[in-house]
Amino acid sequence: QVQLVESGGGLVQAGDSLRLSCAASGRTFSGYYMGWFRQTPGKEREFVAAISWNYGSTYYADSVKGRFTISRDNAKNTVPLQMNSLKPEDTAVYYCAGKTGFYDYSDYRRYVYWGQGTQVTVSS
């Protein structure tokens, strides 16, 4: 069974950095998009970033461009998310997700595999 596990969340101050990591159980992810989403209570799940496993192409929400960087580690089957210049509005539970296909990378409804989430809290 495929499992995704997020790690690296925590409590930081505005302007600080965090590095999240998504560890995937043994599987070749060629042909997959791997994505990061976030959600706060009472708010719709929000696309953050995605990466094409085959080509390494990356995609970002406008709100995080220039601050967040998604990447891939082929050897370890992990998807790190480097978050710099964090803002209070970045506070959320961050989820790692995976999907097949090469379209609709920003649509959470298209993702099949999900982790349990990791809390990121940014104070003013």
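Above this text is the structure in question.
Residues numbered from 1 in each chain as written. Predicted model: local features only at pLDDT ≥ 70, side-chain atom pairs only at ≥ 80, totals over all residues. Heavy atoms only, no water.

Observations regarding the sheet that holds strand S8 (residues 78–83)
Piece 1. On the basis of which strands lie adjacent, the open sheet formed by four strands has the order S1-S3-S8-S7 and antiparallel pairing. Each edge of the open sheet carries a strand with a single partner, namely strand S1 (4–7) and strand S7 (68–70). Strand after strand, the sheet turns through a mean of 15° between neighbouring axes, direction not considered. (Pairing = 2+ DSSP bridges. Helix = DSSP H or I, 4+ residues; strand = E, 2+ residues; numbered from the N terminus. Axes fitted to C-alpha atoms, helices over the stretch in contact; angles between N-to-C directions.)

Quick look at the pairing of strand S5 (residues 46–52)
Piece 1. Taking burial as the measure, the seven residues of S5 include six buried ones, the bulk of the element.
Piece 2. Both strand S4 (residues 32–39) and S5 contribute to a ladder of six bridges, which runs antiparallel. Bridge assignment links Arg-38 to a residue of S5, and that residue is Glu-46.
Piece 3. Connecting S4 to the next strand, S5, in antiparallel fashion are six residues, including Gly-42 with a positive phi near 80°. (Buried < 20%, exposed > 50% of the residue type's maximum accessible area, 1.4 Å probe, protein only.)

Shape descriptors only; they carry no functional weight alone.
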